[in-house]
Structure formats: structure tokens, C-alpha cells
Amino acid sequence: MGKWEITRTITTDVLVVGGGGAAARAALTAYQTGAQVRIAVKSPWLKGGSTATAFSELLAIAAAIGHGDERDEPEIHYQDTMDAGRGFIHPELVRTLAEDAPKRINDLIELGLKFDKQKNGKLVQGMSDFATYPRTCRVNGVTARHILNIIAKELKKSQVPVDEHMMVFQLVTDSEKRIVGAIALDMEKNEFVFYQTPSVILATGGAHHLYTYGVGTPDMTGDGYAMAYQQGIPLVNMEFVQIGPGVINPPVTLLSGPVWKTQPILSNQKGVRFLEQNLPPGVHVKDVNNHKAFPFTISNKSFYLDTLIQRESEENPSPNGGVWCEMAPGSEAIVEEKMPKTKRVLKSKGIDVHSDKFEVGLVAQCMNGGAQITTQDGETDLLGLFIAGETAGGLRGPDRPGGNSLAEGQVFGYRTGKAAALYSLKQDSQLPSQEFCSKEFQSIVQWVENSQNGAKDVLESIGELRRIMYRNCLVIRSEARLKEAWDYLLQTEKDLEHGKYALTLDTIKSALELRNMIITAKSIVLAALTRTESRSCHFREDFPQKDDANWKRSIRIRKTDGTMAAEMYEWPEEHSKIGAK
Ligand SMILES: Cc1cc2nc3c(=O)[nH]c(=O)nc-3n(C[C@H](O)[C@H](O)[C@H](O)COP(=O)(O)OP(=O)(O)OC[C@H]3O[C@@H](n4cnc5c(N)ncnc54)[C@H](O)[C@@H]3O)c2cc1C
């Protein structure tokens, strides 16, 4: 057991927080720009987060390089992304994404990444949702992991230090609101560490662990959103969480669009084929399945698939809280054609899709919301704080074209890495020492001291929070459901602040996670409560219509006088030329 004090100070020009695609790209670019850079990652490196672990039948990265169709170009990528998110995203950020994505694909090729190729040597590019032309590039089925591994190889060669099992939990600023460091918990040694640094790049990914079932690793507790929020950075579009069906036992394998084209059969615990029984007149199971893509959307007939899975999971649940799925008789050939990789992955987890029934439920996959970045270099309202990847807000609205998230990680990882390095290298004032940060750290010590007599169990509350979010803030939302979640979150927050939990050095990691989960979950619930309409992946059963007149704009969540508040937000006007400032 360690001590209630900061035992180490690590000084660096740039601290990159996170270990996924965005973080790796940021660290490599900061290093190449000449800065001393260090990565702090909560999980064992290359084992946590989405980039390292994501699997789906169509995992791919978007870039308008025109190999799939020579008419494709960045301007069309820009337009497609704006069409999916107009009113909810920053046009200049989208331009940057569209324009830079091909350059980042080139970098990856130069690093040695072997994208799947056509016979003529050009890259294979697939169609994705919201794309006019085939635009997504792949590597051997698990594109994201290959991207991360090739950059990681370079980082190792360059000897960029990586601090594993390091949970960064607090940003430290000076009186002029500039970043001067960050505090972290070394989870292996149970020790606190001060990173003394003029710039921090937050690339902590998403928050799927807020839900009972999420596709990903348990380290994804929304820490980046919470840290940014605590510093006054607004969170945008948080109500838009990407959710859809996946196999939940063993947890969790995402079932993407092609899987549903095989027409699998769903039944509830009583053996009732509930889709057939509950679809409105004129809507057929086949249409529903054929429209199904990941994630949930209100925009087509696949709406019934996800919402009916949720209803049956609540009313007639399978043992693990889902429904049953089996492949249709005689579907061997189409299964092999449409979902060969999913079949193999499930086989490796002990499920033979041809002979076994398996449990399917809704799973959280990805956050479209994020902490708002204000420039094309991923800067924020706080000097020295940069944000990239899934943690960054302003590029994904209610919908996003498939493949954009991985592209964002590369484009804004690169840009934040370069900008943070240049920013740090020109700082010449002395950074405050560990003693300065000790003052900030005292609030944590105080918090724990106040909790000496607490009795509540942090891990139990984390489980309960995830169940409450799963029940009330999944694909079927309503004022009543959301208020139940909100009340629970407020009460838990109060209990945590007021010493009701048993906190020790051994439970502090989970307590910090619970604190971050509460902030992130509250931001999602408050935005979902505020948005009294339905749109894309946000469905309010009490406001089922899309309402462009009132709601074609973002909701921002920010800390106002110490409490969380929602405000409407209009993005800047669109410019006509790509690359325009
Ligand atoms: C199943 C699945 C399929 C997907 N398919 C696609 C697709 O086809 N195309 C596409 O573009 N996108 C897809 N996505 C989304 C995409 O994979 C992610 O948005 C992207 O990988 C996120 O990268 P990132 O670097 O921002 O975060 P991640 O890769 O999630 O990495 C986050 C890192 O932060 C670390 N971390 C978290 N908190 C802390 C902390 N407090 N301190 C230190 N470190 C911390 C974690 O350990 C982890 O290493 C998919 C996602 C999933 C789950």
C-alpha cells in the first residue's frame, strides 16, 4: 500500500493521456516535432480502449483518396459529413478532417501499413453509411488494431516512454488558466504522480463502460470528458451515444449491418418471435433486417429491431438480460458471405452460429459527443490543453459517416501532437513545482479523510450506475426514465462528496472512476432530457418526432457556478472552400 502524497514528479514537454489511435498518433508527431513526449495510459498499453480492441465485420478508416471511385475527393467527404451532421458540428473541423485524412493514410502506408489492395495496386475502399462513394480503407479485418500497432512500433523505436496502469485524473492549471501539469494514480504501485508539463493532449477515448454492456474494455469510464468538464470545457452532443445489438454472453461482440442481412431469428425468453408479433402493419421483418446498420437510428425501419430488443429484454429477458438469436435454417452460405469474421470471432468465444442459440442485447459502442475543441489543432479554451479522438467534440453530430472516427484519431492526433509540441517548446517560464500541485491534491486527501466512516461500496455503485444507464438512457428514452437516472446520479454524487463511501487507498481508483462516470453520465442524461425531440440515435418515446424548427442545433453541457447546466449552441457558418480558415 502506498501513501497519501505525491511521491514522484515526472517532467515532460508534452503529456499524452491515453493509448489508442489518437494518442499514439499525437505522441509520434510531438516526438517528430522535437518535443520530449510521454504517454500515460490507464490500461496495459495496446490492450485497452476501442482502437486496440474494436471488432466489427466492416471496421475501416475513411479517407477520400479516390481509389474506390475516382470521383471521390475531400470536398465530397466534407459534404457527406456535413449532410450527416449539419447544425451539430464545426464546418472548419470537418474540412480539416476531409482534407487531411488522405495525408494520414499516406503516413500510415509510409510506416509500412499494408492496407487491403485491389489487383491494380490501388487500395480497396468500401461504402459506408452517409458516404456518396466507397471511401473506407481496411487492413485485414481489424483495421484499427493494425493502425495502432504500426504507430506503436515507431514509438518504441523512438523510445517514447509509456507509463502503463497510469490513470490521469486531474488537470492542474495556474492562476492564468494555463496547463501546468496533471495528477495521476499509478495503479500498480498505488502511488500518486505529478506530471509537470505545459501541455496535455487528452485522448482517453469514449465511455462505453457507463452501460451494463459496452463494446470495449472497462477502463472506458469517460475520464477525459470529466477532466475537461471540471476545467470548464463544454461537452457537446453528449446525448448522441451510438448503441446497437451485440452478443452479450460471453460479452461482447458487436453485430454490425451485414449480420442482419442473413435474416437471423430473434425470440424472447418465452420462445416468442417478438419481431413478427410487434411490427406495425405493413412493416416486415425482412425490411427491418435489411435496413439494419450499426448504430440504432430512428431514420429507417431498423428502428423496430433495436427498440423491440430493448422492450423484450425488459419484459421477457434471457438469463443475461437480452433476447435469443439463432441463424435461419439453410443460411450457411449467406452467413459465410455476409459475416465470416463475426462467425469466426464467435467461434473463438465458444459459439457456433450454425448450431447454437446465443444471447443478444443492446451494447454501447461509441460516443458522438465530446469535449469541445475550438481550433483545427484540437486546442481548447484552456491554454495548453489539446483534445483528440473520441474524446474531442465538434466533429460528430447525431450521425457520422462510417470510418470517420478512426480518421479523426489520425488527423487530430497528428495536429494536436504538432501543435502541443510547438506550444511547449516556446514556453520559457518556469513551471510550478510539485508543491504547487500538492494544494490541488489536498482536495483529494480531504475527500478521502471525510470518508473515513463511510459504509457504501464504490464497486456496487459503479454496477448500479451502469444498470441505471442501461435501463433509462439506452435507445428508448423518456422524461420518466431519464429523471430516474438523473436522480440516482445526483444522489450518488452527493453521497460520494459527503463521505458516505468507504474510501481507502485501495478503493481510490474506483472512487475516482465513479466520480468521472457520474459527471459523464450526467452530461448524457441532461442533454437527453433537454432534447425534447427524436433524432438519429436519440429517441424520446414522449417526443417521437424530429423537430428541425426547434432542435437542429447542439446542446452544450458546462459547469456553471459549480453545477451542471445545459445551453443551446449554434456552430459557425459554413465556408464554401475546403481548407478555408
Ligand atoms: C466495435 C467497434 C467498432 C468500430 N468500428 C469503427 C469503424 O469501422 N470505423 C471508425 O472510424 N470507427 C469505428 N469505431 C470507433 C473507433 O474505433 C473509436 O472511436 C476510436 O478507435 C477511438 O480512438 P481513441 O484513440 O480516441 O480512443 P481509444 O482507442 O478508445 O483509446 C483510449 C485510451 O485511453 C486510455 N484511458 C482512458 N482513460 C484514461 C485515463 N484516465 N488516464 C490514462 N489513460 C486513459 C485507455 O486505456 C485507452 O488506451 C468502432 C468502435 C467499436 C467499439
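Within each chain, residues carry numbers counting from 1 in the order of the written sequence. Only residues with pLDDT of at least 70 are given local features in this predicted model, and only at 80 or more are side-chain atom pairs given and counted; all residues enter the totals for whole chains, interfaces and linings. The side-chain numbers reported here are obtained from all heavy atoms of the structure, hydrogens and water having been left aside.

Caption draft 1: Region of the structure containing the overall build of the protein. Working definition: helices are DSSP H or I runs of at least four residues, strands are E runs of at least two. Numbering for both runs from the N terminus. Scanning the protein from N- to C-terminus turns up 18 helices and 22 strands. Working rule for contacts: check all heavy atoms of both residues, and any pair within 4.5 Å makes them a contact. At a minimum sequence separation of 6, the contacts of the protein that also span at least 24 residues come to 74%. To measure how exposed things are, a 1.4 Å probe is used in the Shrake-Rupley method; for residues, cover is taken only from the protein chains shown. Of the roughly 22,100 Å² of accessible surface on the protein, a fraction of 48% belongs to carbon and sulfur atoms. Residues counted as positive are Lys and Arg, residues counted as negative are Asp and Glu, and His and the chain ends are not counted. To locate a charge, the coordinates of NZ of Lys, CZ of Arg, CG of Asp or CD of Glu are taken. Here the protein contributes 67 positive and 72 negative side-chain charges, whose respective centroids are spaced 3 Å apart.

Caption draft 2: A look at the pairing of strand β10 (residues 191–196). Only protein chains enter the accessibility calculation, which uses a 1.4 Å probe. A residue is then buried if its area is under 20% of the maximum for its type, exposed if over 50%, and partly exposed in between. For β10, the tally of buried residues reaches five of six residues, placing the bulk of the element in the interior. Two strands pair under a simple rule: DSSP has to find at least two bridges between them. Of the pairings in the sheet, the one linking strand β1 (residues 6–11) to β10 comprises five bridges and is parallel in character. Of the residues in β10, the one forming a bridge with Arg8 is Val193. Taken together, the six bridges between strand β9 (residues 179–186) and β10 define a ladder with antiparallel strand orientation. Pairing of Leu185 across the sheet is with Phe192, part of β10. Between β9 and β10, which pair antiparallel one after the other, the connecting turn spans four residues, and Asn190 there sits at a positive phi close to 55°.

Caption draft 3: Examining the site of the ligand more closely. Residues are classed as near a molecule or strand on a simple rule: at least one heavy atom within 4 Å of it. In the vicinity of the ligand lie 38 residues, with Ser50, Thr51, Asp219, Glu390 and Leu406 positioned nearest. Polar contacts here mean pairs of N or O atoms no more than 3.5 Å apart (in protein, one a potential hydrogen donor and the other a potential acceptor; neighbouring residues in sequence count only if both atoms are side-chain atoms). One nitrogen or oxygen atom from the side chain of Ser43 is found 3.0 Å from an oxygen atom belonging to the ligand. The contact in question runs from a nitrogen atom of the ligand to an N or O atom on the backbone of Ala60, over 2.8 Å. Contact with the protein chains removes 97% of the 1,000 Å² of surface that the ligand exposes when unbound. Elements represented by at least two residues in the shell around the ligand include exactly α1 (21–32), α2 (49–53), β8 (166–173), β17 (358–367) and α13 (404–425). Here the shell around the ligand is built from residues that sort into 18 nonpolar, 16 polar and four charged. For this classification, the nonpolar set comprises Ala, Val, Leu, Ile, Met, Phe, Trp, Tyr, Cys and Pro, the charged set comprises Asp, Glu, Lys and Arg, and every other residue, Gly included, is treated as polar.

Caption draft 4: Local environment of the nonpolar core. Each nonpolar core is a collection of buried residues, namely Ala, Val, Leu, Ile, Met, Phe, Trp, Tyr and Cys, held together in the definition by side-chain atoms within 4.5 Å. Counting 177 residues, the largest nonpolar core has Tyr211 and Ile508 as its most contacted members. The element best represented in this core is helix α17 (residues 508–530), accounting for 14 residues. The domain limits used here are those given by an automatic or database domain assignment. Summarising the domain contributions, this core has at least three residues from each of domain 1 (241–364) and domain 2 (436–566). Beyond its immediate stretch of four places on either side in the chain, Ile508 contacts Trp4, Leu185, Phe192, Ile444, Trp447 and Val448.

Caption draft 5: Structural context of the sheet that holds strand β14 (residues 251–254). Spatially, five strands are ordered β14-β13-β17-β16-β15 in an open sheet, and the strand pairing comes out antiparallel. The sheet terminates laterally at β14 and β15 (265–267), the two strands that pair on one side only. The sheet shows a mean angle of 50° between the axes of neighbouring strands, taken without regard to direction. Of the pairings in the sheet, the one linking strand β13 (residues 241–249) to β14 comprises three bridges and is antiparallel in character. The residue of β14 that forms the bridge with Val247 is Thr253. Axis lines are fitted to C-alpha atoms, over the contacting stretch for helices. Their N-to-C directions set the angle, which ranges from 0 to 180 degrees.

Caption draft 6: Quick peek at helix α6 (residues 223–230). Of all eight residues making up α6, seven are buried, and the element is well covered by its neighbours. Residues Asp223, Gly224, Tyr225, Ala226, Met227, Ala228 and Tyr229 constitute the buried set of α6. Looking one or two residues past α6, Gly232 carries a phi angle of roughly 90°, positive in sign.

Caption draft 7: Inspection of the packing of aromatic side chains at higher detail. Ring pairs are drawn from Phe, Tyr and Trp, using the six-membered ring of Trp, whenever the two centres fall within 6.5 Å, and their geometry is named by plane angle: stacked under 30 degrees, edge-to-face over 60, tilted for the rest. According to the stated counting rule, one finds 10 aromatic pairs in the structure shown. Linked through ring pairs, Trp4, Phe169, Phe192 and Phe441 together constitute an aromatic cluster. A cation sits over an aromatic face here: Arg95 above Tyr78, 3.9 Å from the ring centre. A ring is scored as having a charge over it whenever the NZ atom of a lysine or the CZ atom of an arginine sits within 6 Å of its centre and within 35 degrees of its normal. Of note, Arg515 hangs over the ring of Trp447, and the distance from its end group to the ring centre comes to 5.6 Å.

Caption draft 8: Seen up close, the sheet that holds β1. In spatial order, the strands read β1-β10-β9-β8; together these four strands make up an open sheet with mixed pairing. The sheet is open, and its two edges are formed by β1 and β8, each paired on a single side. Strand-to-strand twist of the sheet, defined as the mean angle between neighbouring strand axes without regard to direction, takes the value 25°. Relative to β8, helix α14 (residues 434–449) is tilted by about 110°, and along the sheet it contacts β1, β8, β9 and β10.

Caption draft 9: Structural context of the pattern of salt bridges. Any Lys or Arg side-chain nitrogen located within 4 Å of an Asp or Glu carboxyl oxygen qualifies as a salt bridge. All chains considered together, the criterion is met by 43 salt bridges. One salt bridge connects Arg531 with Glu239, and the closest N-O pair in it is separated by 2.6 Å. Of the two residues, Arg531 sits in the loop between α17 and α18 (548–551) while Glu239 sits in the loop between β12 (235–236) and β13, which places them 292 residues apart along the sequence. The class for Arg531 is buried, based on a relative accessible area of 0%. Residue Glu239 is classed as buried on the basis of its relative accessible area, which comes to 0%. Between Lys338 and Glu337 there is a salt bridge, with its nearest N and O atoms 3.7 Å apart. Looking at Glu337, the relative accessible area reads 57%, which means it is exposed.

Caption draft 10: Representation of helix α4 (residues 91–111) within the structure. Between its first and last C-alpha atoms α4 spans 30 Å; for 21 residues at 1.5 Å apiece the expected length is 30 Å, and the two agree. Within α4, the axis deviates most sharply at Asp100, by approximately 40°, and proline Pro102 lies no more than four positions further along. Where burial is concerned, most of α4 is hidden: 15 out of the 21 residues are buried. Multiplying one less than the number of residues by 1.5 Å gives the expected span of a helix. Bend at a residue means the angle formed by two fitted axes: the first through the 7 residues ending at that position, the second through the 7 residues beginning there.

Caption draft 11: Structural context of the pairing of strand β22 (residues 563–569). Sheet topology note: the strand β21 (residues 554–560)/β22 ladder contains seven bridges and is antiparallel. Considered in β22, the bridge of Arg558 is made with Ala565. Linkage of β21 to β22, two consecutive antiparallel strands, is achieved through a turn of two residues, within which Asp561 is found at a positive phi near 50°.

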